[in-house]
Amino acid sequence: MKLLPLIGALLLSTAPVQAFETYEELDKACLATEETTNLCEGVGDYVSSSMVAYLLCDSEEKGIITTEELFLSWDKVNKIMTENNASPMWNAGAENMLESFPECSLKP
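Remember, it's a predicted structure, so these values are computed and weren't measured experimentally.

**Observations regarding the overall build of the protein chain**
For the protein chain, the count of helices and strands is 5 helices and 0 strands. For the protein chain, the N- to C-terminal ordering of α and β elements is α-α-α-α-α. Out of the 108 residues in the protein chain, the part that is buried amounts to 21%. Within the protein chain, contacts between residues separated by at least 24 positions form 60% of all contacts whose residues are at least 6 apart in sequence.

As structure tokens, then:
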């Protein structure tokens, strides 16, 4: 009975994996179809908003920026992303990062 999962795992372990080593390879793969383009854009939006939220919340926590400055900065970046048709992943990335900063004033 244990043989079948073992054979399945062996077959999966031999599946080819494509690694992207340059921006050009990644860009070509992301532009291959509309579906992959949307996927890559969503991932970019998710990661971008996570990093923006992290930097703003960390700066507020360290006293580098005030709560007012945090809101002004977030609104500015959010406006830019809205004008550039950010995907719904924009808010998802920020909300996920905010779980690490429960005291942060930012609430997207």
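**With respect to the state of the cysteines**
Under the definition given, this model contains 2 disulfides. Paired through a disulfide, C30 and C40 show a sulfur-sulfur distance of 2.0 Å. Between C30 and C40, the S-S dihedral sits near -80°, and the bridge is therefore left-handed. With a gap of 10 residues between them, C30 in helix 2 (residues 23-30) and C40 in helix 3 (residues 34-61) connect regions that are remote in the sequence. Paired by a disulfide, C57 and C104 hold their sulfur atoms 2.0 Å apart. The sign of the S-S torsion, about -75°, decides the handedness of the disulfide formed by C57 and C104: left-handed. Pair noted here: C57 is in helix 3 and C104 is in the segment after helix 5 (89-98), with a separation of 47 residues, a long-range link. Exposure class is identical for C57 and C104. Each is buried. By sequence-ordered numbering of the bonded cysteines, the protein chain has its disulfides arranged as 1-2, 3-4.

**With respect to the confidence of the model for the protein chain**
Residues of the protein chain with pLDDT of at least 70 account for 81%, and the chain-wide mean is 84. Confidence, read as mean pLDDT per element, is least for helix 1 (residues 3-13) in the protein chain (53) and greatest for helix 4 (residues 67-83) (93).

**Notes on the nonpolar core**
Formed by 13 residues in total, the largest nonpolar core has its most connected members in L56, C57, L70, W74, L98, C104 and L106. Taken together, the elements giving at least two residues each to this core come down to helix 3, helix 4 and helix 5.

**Some details on the side chain of S49**
Note on placement: S49 falls in helix 3. A distance of 3.2 Å separates a polar side-chain atom of S49 from the backbone oxygen of Y46. Polar side-chain contacts of S49 include one of 2.5 Å to the backbone oxygen of W90. S49 has contacts with W74, M89, W90, G93 and A94, leaving out every residue within four places of it along the chain.

**Focus: the pattern of salt bridges**
As enumerated under the stated definition, the model contains 1 salt bridge in all. For D58, the salt bridge goes to K62, with nearest N and O atoms at 3.1 Å. Of the residues examined, K62 reaches a relative accessible area of 57% and is grouped as exposed.

**Considering a nonpolar patch on the surface**
Taken together, the side chains of L39, V43, V47, M51, Y54 and L55 present a nonpolar region at the surface, about 550 Å² in accessible area. Turning to its location among the elements, L39 is positioned in helix 3.

Parameters at a glance
Residues numbered from 1 in each chain as written. Predicted model: local features only at pLDDT ≥ 70, side-chain atom pairs only at ≥ 80, totals over all residues. Heavy atoms only, no water. Helix = DSSP H or I, 4+ residues; strand = E, 2+ residues; numbered from the N terminus. Buried < 20%, exposed > 50% of the residue type's maximum accessible area, 1.4 Å probe, protein only. Contact = heavy atoms within 4.5 Å. Disulfide = S-S within 2.5 Å. pLDDT = per-residue confidence, 0-100. Core = buried A, V, L, I, M, F, W, Y, C linked by side-chain atoms within 4.5 Å. Polar contact = N/O pair within 3.5 Å; in protein donor to acceptor, adjacent residues only side chain to side chain. Salt bridge = Lys/Arg side-chain N within 4 Å of Asp/Glu carboxyl O. Patch = residues over 30% accessible without salt bridge, like charges linked within 9 Å, V, L, I, M, F, W, Y side chains within 5 Å. Areas by Shrake-Rupley, 256 points an atom, 1.4 Å probe, with all protein chains shown as cover.

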